[in-house]
Amino acid sequence: MISVEEALERALALVSPLEAETVALAEACGRFMCAPAVARRDQPPFAASAMDGYALAGDPAAGDRFTLIGEAGAGHAFTGRVGPGEAVRIFTGAPLPAGADRVVIQENVEAEGAAIRLTEASDGRNIRPAGQDFRAGDSLSPRRLRPNDLALLAAMNIAEVPVTRRPVVALVATGDELVMPGETPRDDQIIASNSFTLKALAEAEGAEVRLLPIARDTEAELRTVLEMAAGADIVVTIGGASVGDHDLVGKVAGEMGLEQAFYKIAMRPGKPLIAGRLNGRPMLGLPGNPVSSIVCAHLFLLPMLRVMLGLPAAPAPHRRARLAEPVPANGPRAHYMRAKLAETDGLPQIAAFPRQDSALLRELSEADALLLRPPGDPARESGEMVRYIPL
Ligand SMILES: Nc1nc2c(c(=O)[nH]1)N[C@H]1C(S)=C(S)[C@@H](COP(=O)(O)OP(=O)(O)OC[C@H]3O[C@@H](n4cnc5c(N)ncnc54)[C@H](O)[C@@H]3O)O[C@H]1N2
Ligand code: MOO
């Protein structure tokens with residue numbers, strides 16, 4: 001059995017960034033912008049008023065009078081020039097008229113017909129210089145676009161963005177015991193549950209997921225369903241990865257030409273994970289136990305999808321917290337314990353659930369972290385610092 005780190009390295013070597021496509025800005029949130037965006041104009045494109053008031057020149061004192069010669073609004077520039085003793089009525093966002101170098105806010109002014117008189121000395125210039133936000137040619141580096149990035153791109157006058165194509169994931173559940181939610185199971189059957197979390201996880205990461213029909217436990221049927229996965233960017237099977245007589249994934253994929261990158265990892269849950277290349281496409285054979293498949297998705301599938309999207313090759317992000325309760329010594333496999341986070345005096349505290357069976361979906365649903373126990377980690381007391389993966 002290889003270590004989790006070695007397995008991840010081999011899994012990430014199976015994938016590479018996909019090609020780019022262009023999407024409208026309104027569709028770009030959450031997508032990976034794969035080339036720098038270059039501003040097509042300055043922002044603001046002109047020196048603009050930051051306040052409603054009067055544009056004028058100089059450093060006037062209380063009591064000074066100015067003749068009004070026109071008006072400047074947002075989207076309506078004043079085309080003349082402001083001379084000494086003159087002022088232009090101006091509103092927030094309007095271009096500063098030529099000749100003016102300050103905006104006096106209207107609260108500090110008394111209007112007297114076609115003139116104004118300052119009631120107080122000016123409180124600053126109240127001008128946003130041209131290009132104070134960005135200049136034409138400034139760029140935004142490649143990134144996964146967040147809502148806040150979109151306004152910036154729009155202001156740069158960018159209507160379409162190059163993004164990495166969504167990876168297509170073909171998801172194949174296997175097993176005679178499985179029926180879909182809503183169907184009527186026989187007494188010896190259960191409901192296929194793993195696919196729903198796996199689909200949601202992959203979609204949240206930016207993938208498109210094709211849920212293929214459940215493959216029954218025959219070599220012929222598994223082969224047929226795997227053939228239906230042609231065209232996907234990655235094939236993910238669930239179950240049938242272990243050593244039982246009906247665990248057919250390794251055998252059938254092997255006969256179909258799987259070039260195995262690894263099989264079996266020193267991790268818990270998730271030991272019988274399979275990875276490799278099937279007909280030129282990456283394949284991940286997840287263990288069937290629900291928690292095992294989902295933990296393996298966090299640790300392997302999501303990092304692989306991130307590489308396909310153009311993000312750096314990296315493990316699932318780790319954070320640190322203090323143990324709220326002691327944990328026993330760990331065995332020879334890295335253990336990813338389902339755990340609950342809390343905050344005490346502003347510091348994160350983590351407690352592993354007492355039950356860690358890899359079939360327990362309730363604990364998984366309650367968990368917000370995987371407490372990371374390295375192989376051979378000794379027993380740990382409350383208060384010790386540990387690493388965890390947020391869920
Ligand atoms: N003799 C050994 N037996 C087992 C070993 C071992 O090393 N030696 N490993 C155990 C470990 S660890 C795991 S994990 C499981 C994984 O087995 P498989 O990948 O072959 O999974 P299945 O046998 O098909 O299913 C296991 C379990 O999960 C249920 N299942 C499967 N698919 C789904 C699904 N889509 N939704 C919900 N539940 C699913 C299935 O009914 C079984 O209960 O092997 C151990 N055995
Ligand atoms: O490794 Mo298995 O995934 O413990 O249940």
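In this text, all values refer to a predicted model and were calculated from it rather than measured experimentally.

1. Here we look at the environment of Pro 303
By the element assignment, Pro 303 lies in helix H6 (residues 290–309). Take Pro 303: there are 23 C-beta atoms within 10 Å of it, and that puts it in the buried class. In sequence terms Pro 303 and Ala 313 are 10 residues apart; their C-alpha atoms lie 6.9 Å from each other. Non-local contacts of Pro 303, meaning those with residues more than four positions away in its chain, are made with Leu 8, Leu 12, Ala 314, Pro 315 and Ala 316.

2. What about the nonpolar core?
Ranked by size, the top nonpolar core spans 83 residues in total, and within it Val 172, Val 235, Val 236, Phe 300, Met 304 and Leu 371 carry the most contacts. Here this core gets 13 residues from one element, more than from any other, and that element is H6. Phe 300 has contacts with Leu 8, Ala 11, Leu 273 and Leu 284, leaving out every residue within four places of it along the chain. Membership of the second largest hydrophobic core comes to 18 residues, among which are Phe 78, Ile 90, Val 103 and Leu 118.

3. Focus on the site of ligand 2
Within the structure, ligand 2 sits among Arg 268, Pro 269, Gly 270, Lys 271, Pro 287, Asn 289, Ser 292 and Ser 358. In terms of residue class, the shell around ligand 2 is built from two nonpolar, four polar and two charged.

4. Digging into the pairing of strand E10 (residues 115–118)
Burial of E10 is one-sided: the residues Ile 116 and Leu 118 facing one way are buried, the residues Ala 115 and Arg 117 facing the other way are not. In this sheet, E10 lies alongside strand E9 (residues 109–112) in antiparallel orientation, the contact comprising four bridges. Paired with Glu 112 across the two strands is Ala 115, which belongs to E10. In textbook terms, the turn of a hairpin is the stretch between consecutive antiparallel strands, and for E9 and E10 this stretch comprises two residues, one of which, Gly 113, has a positive phi near 65°.

5. Observations regarding the packing of helix H3 (residues 194–204) against H6
At a minimum axis distance of 10 Å, the contact between H3 and H6 shows a crossing angle of 20°. Comparing their axes, H6 and H3 come out roughly parallel. Every pair of crossing elements has a handedness; the one defined by H3 and H6 is right-handed. Residues Asn 194, Thr 197, Leu 198, Leu 201 and Ala 202 of H3 form the contact with H6, whose own contacting residues are Pro 290, Ser 293, Ile 294, Ala 297, Leu 301, Leu 302 and Leu 305. Taken together, the residues of the contact of H3 with H6 break down into nine nonpolar, three polar and no charged.

6. Description of unusual backbone geometry
The linkage connecting Gln 43 with the following residue, Pro 44, adopts the cis geometry, with an omega of -10°. Here the residue pair Arg 268 and Pro 269 is connected by a cis peptide bond, since its omega of -5° sits within 30 degrees of zero. Within the secondary structure, Pro 269 is located in the loop between strand E21 (267–268) and strand E22 (274–278). Phi angles above zero are rare outside glycine, and Asn 279 is one such case at about 50°. Examined against the element boundaries, Asn 279 turns out to sit in the loop between E22 and strand E23 (281–286). Of note in this structure, Asp 345 is not a glycine but carries a positive phi near 50°.

7. Focus: the packing of helix H1 (residues 4–12) against H6
Following both chains from N to C, one finds H1 and H6 inclined at 35°, their axes separated by 10 Å at the closest point. For the pair H1 and H6, the sense of crossing is right-handed. Counting all contacts with H1, which are made through Val 4, Leu 8, Ala 11 and Leu 12, the residues of H6 involved are Leu 299, Phe 300, Pro 303, Met 304 and Val 307.

Cut-off values and rules
Within each chain, residues carry numbers counting from 1 in the order of the written sequence. Each chain gets a letter, beginning with A, and each ligand a number, beginning with 1, in the order they are written. Whole-chain, interface and lining totals are the exception, using all residues; otherwise, since this is a predicted model, local features are given only for residues with pLDDT of at least 70 and side-chain atom pairs are given and counted only at 80 or more. Numbering of helices and strands starts at the N terminus; helices are DSSP runs of H or I of at least 4 residues and strands are runs of E of at least 2. Residue burial is a threshold on neighbouring C-beta atoms within 10 Å of the residue's own C-beta, all placed from the backbone, with 20 or more meaning buried, 12 or fewer meaning exposed, and counts in between meaning partly exposed. Residues are scored as being in contact if the C-beta atoms we place from backbone atoms lie within 7 Å. Among buried residues, those of type Ala, Val, Leu, Ile, Met, Phe, Trp, Tyr and Cys that are joined through C-beta atoms within 7 Å form a set called a nonpolar core. The C-beta atom of each residue is placed using the backbone, and any residue whose C-beta lies within 6 Å of a molecule or strand is treated as near it. Nonpolar residues are Ala, Val, Leu, Ile, Met, Phe, Trp, Tyr, Cys and Pro. Charged residues are Asp, Glu, Lys and Arg, and all others, Gly as well, are polar. Criterion used throughout: strands pair if DSSP finds at least two bridges between them. Here an angle of 0 to 180 degrees is reported between the N-to-C directions of two axes, which are lines fitted to C-alpha atoms, with helices fitted over the stretch in contact. Angle categories: roughly parallel below 35 degrees, roughly antiparallel above 145, roughly perpendicular from 65 to 115, and oblique for all the rest. Here a crossing is taken to be left-handed if its near helix is turned anticlockwise relative to the far helix by less than a right angle, and right-handed if that turn runs clockwise.

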